[in-house]
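For reference, the chains in residue letters:
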Amino acid sequence: MNEKNKQILLVKRPKGTPDSDSFQVIESDIKQPENGEVLIRTLYVSVDPYLRGRMIDAPSYVAPFQLNEVIEGGVIGEVLESKTDQLNQGDIVIGGFGWQTYYTAKATEVRKIDQDIAPISTHLGILGMTGLTAYFGLLDIGKPKKNETVVISGAAGAVGSVVGQIARIKGARVVGIAGSNEKLQYLKEELQFDEAINYKTTSNLKDDLASACPNGVDVYFDNVGGEISDAVHAHLNKFARIPVCGAISSYNLEGEDVGPRVQTTLIKKSAFMQGFTVGDFANQFPDGTAELAKWLNEGKLQYQETIKEGFENIPDAFLDLFKGNNIGKLLVKVADISN
Ligand SMILES: NC(=O)c1ccc[n+]([C@@H]2O[C@H](COP(=O)([O-])OP(=O)(O)OC[C@H]3O[C@@H](n4cnc5c(N)ncnc54)[C@H](OP(=O)(O)O)[C@@H]3O)[C@@H](O)[C@H]2O)c1
């Protein structure tokens, strides 16, 4: 094979909001598979906010990226060549292969995906990591009940858009907070959210939340942290639950994120706040995926994907997450499945 493996390396740790200077595209030889291995061609790459945390050289729940190494991340690919009985040429697989056009993997590093349930890209979104984050964060920690009010920040994104729909399936009243009128229209008209608020144009988010949540907030699914969350905390009901999923508003801060302290609110409201990572629920993933797929097939869940084309555009797609340029899951399409 004359073709080369294109790879994207982290060459500089970003300070503040990342830019394209942190990334470099290189070409290397494609590693031929040995016994027990497969050669995979990348089809879709997932870009995710948590990758920003891995660009910082500090301990976290996953190790930081090393400089001049390929950025790791979720990928769907096609098996081009197999030297294992467990996988065949043409199988579509998922794994953490990273930002590169080819990957040589041990059979144990990849999982074959079922192409019959839904388009393959959904396994990086609504049927994959972000869908499962919404599912377990909301149901295991948020525990919404019929007629309760669920508020979601980052509501039109990959996780938030699924959280709101599951909350509706459970009979809750759903209020989304997002950063553009196009997103608000999507939440209300396509996903049937009861109310949606544009945090970028509101003159007073606390007041808008009071109008949108006349009965207060029973569950706050927090994807963003910062001042948006401060405004929601002001409306918590007694025994409210707060799954803390993400804090994207602080990922590019250079100093400490200092804000109103939440302890007195939690005490006054006997509220429950729990941070989590989706990996905490790994042993339940098959059950979560099965229920998400069932709801999708019954038409109870829908999804939108923002798909950028072209391997070289992966860094730009990643930067788009911080500009709010996506509705639903943001993916990069690198190649079509071979015929
Ligand atoms: N705990 C876990 O295991 C887990 C798993 C997956 C994701 N997460 C977290 O969940 C959150 C959502 O992830 P996702 O994959 O679904 O991403 P996403 O919501 O699809 O994309 C990121 C969105 O965040 C919003 N945003 C960007 N900067 C912001 C800021 N300064 N303030 C408020 N909103 C901002 C933008 O929407 P707007 O236009 O609305 O600003 C953007 O579209 C992230 O915080 C992520 O780290 C956690």
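Residues numbered from 1 in each chain as written. Predicted model: local features only at pLDDT ≥ 70, side-chain atom pairs only at ≥ 80, totals over all residues. Heavy atoms only, no water.

Right, let's talk about helix 5 (residues 205-212) for a bit. When helix 5 is considered as a whole, its buried residues turn out to be L205, L209 and A212. Taken down its axis, helix 5 places every buried residue within 65° of arc, on the same side. For helix 5, the elements touching its buried residues are strand 8 (149-153), strand 9 (173-178), strand 10 (195-198) and helix 6 (226-233). Its side-chain oxygen at 3.1 Å from the backbone nitrogen of K206, N204 defines the N-terminal cap of helix 5. (Buried < 20%, exposed > 50% of the residue type's maximum accessible area, 1.4 Å probe, protein only. Helix = DSSP H or I, 4+ residues; strand = E, 2+ residues; numbered from the N terminus. Arc of directions from axis to C-beta. Contact = heavy atoms within 4.5 Å. Polar contact = N/O pair within 3.5 Å; in protein donor to acceptor, adjacent residues only side chain to side chain.)

Working note: regular strand, side chains alternate between the two faces of the sheet. Of all 10 residues making up strand 3 (residues 37-46), 10 are buried, and the element is well covered by its neighbours. The sheet contact formed by strand 3 and strand 6 (residues 102-106) spans five bridges and is antiparallel. Along strand 6, the bridge assignment pairs V38 with A105. Across three bridges, strand 3 lies against strand 15 (residues 329-333) in antiparallel orientation. Among the inter-strand pairings, V45 is bridged to a residue of strand 15, identified as V332. (Pairing = 2+ DSSP bridges.)

You can see A155 is positioned in the loop between strand 8 and helix 3 (158-169). Dropping the residues within four chain positions of it, A155 is found in contact with G160, S161, G176, I177, L187 and F193.

The next point concerns the domain arrangement of the protein chain. According to the domain assignment, the protein chain consists of domain 1 (5-125 + 304-333) and domain 2 (129-280 + 290-294). Between domain 1 and domain 2, the residue contacts involve 22 residues of the former and 17 residues of the latter. Summing both sides of the interface, domain 1 and domain 2 together bury roughly 1,400 Å²; the carbon and sulfur share of this comes to 59%. Inspection of the region where domain 1 meets domain 2 yields zero salt bridges. Where domain 1 touches domain 2, the interface holds six residue pairs in polar contact (both at pLDDT 80 or more). Elements with a minimum of two residues in the side of domain 1 that touches domain 2: helix 1 (50-54) and helix 9 (314-323). By residue number, the principal contributor to the side of domain 1 that touches domain 2 is helix 9, which donates three residues. Of the residues in the side of domain 1 that touches domain 2, the class split is nine nonpolar, eight polar and five charged. (Domains from an automatic or database assignment. Buried area = accessible area lost by both parts, 1.4 Å probe. Salt bridge = Lys/Arg side-chain N within 4 Å of Asp/Glu carboxyl O. Nonpolar A, V, L, I, M, F, W, Y, C, P; charged D, E, K, R; others polar.)

On to the packing of helix 2 (residues 129-142) against helix 3. In a pair of packed helices, the angle between the axes and the distance between the axes together describe the arrangement. At a minimum axis distance of 8 Å, the contact between helix 2 and helix 3 shows a crossing angle of 45°. For the element pair helix 2 / helix 3, the angle class is oblique. Considering only the axes of helix 2 and helix 3, their crossing is right-handed. When helix 2 is examined against helix 3, the residues T130, G131, T133, A134, Y135, L138 and L139 are found in contact with a partner set consisting of A158, V159, V162, V163, I166 and A167. Residues of the contact of helix 2 with helix 3, tallied by class, amount to 10 nonpolar, three polar and no charged. (Axes fitted to C-alpha atoms, helices over the stretch in contact; angles between N-to-C directions. Parallel < 35°, antiparallel > 145°, perpendicular 65-115°, else oblique. Left-handed = near helix turned anticlockwise from the far one by under 90°.)

Next up on the list: the site of the ligand. The ligand sits among 28 residues. The nearest are K183, Y199, Y251, V278 and N326. Residue A158 places a main-chain N or O atom 2.8 Å away from an oxygen atom belonging to the ligand. At 2.5 Å from an oxygen atom of the ligand is found a side-chain nitrogen or oxygen belonging to N326. Contact with the protein chains covers 92% of the free accessible surface of the ligand, which is 900 Å². Elements with a contribution of two residues or more to the shell around the ligand: helix 2, helix 3 and helix 9. For the shell around the ligand, the element with the most residues is helix 2, which contributes three residues. Taken together, the residues of the shell around the ligand sort by class into 16 nonpolar, 11 polar and one charged. Lining the shell around the ligand are residues from two domains, each supplying at least three of them: domain 1 (5-125 + 304-333) and domain 2 (129-280 + 290-294). (Near = heavy atom within 4 Å. Areas by Shrake-Rupley, 256 points an atom, 1.4 Å probe, with all protein chains shown as cover.)

Moving on to the nonpolar core. Judged by nonpolar contacts, the single largest core of 39 residues is most densely connected at L138, I152, I166, L187 and L292. Residue assignment for this core shows that the elements contributing at least two residues are helix 2, strand 8, helix 3, strand 9, helix 4 (181-190), strand 11 (217-221) and helix 8 (285-297). The dominant element in this core, judged by the number of residues it contributes, is helix 2, at seven residues. Sequence-distant contacts of I152, that is, excluding residues within four places in its chain, are made with G160, V163, G164, V174, V175, G176, I177, F193, F221 and N223. Among the nonpolar cores identified, the runner-up in size contains 29 residues, and I8, V45, F97 and A107 belong to it. (Core = buried A, V, L, I, M, F, W, Y, C linked by side-chain atoms within 4.5 Å.)

To continue, consider unusual backbone geometry. Backbone geometry places N147, a non-glycine residue, at a positive phi of 70°. You can see N147 is positioned in the loop between helix 2 and strand 8. Not every positive phi belongs to a glycine, and S270 is a case in point at roughly 45°. Mapped onto the secondary structure, S270 falls in the loop between helix 7 (263-268) and strand 13 (272-275). Since its relative accessible area comes to 31%, S270 is described here as partly exposed.

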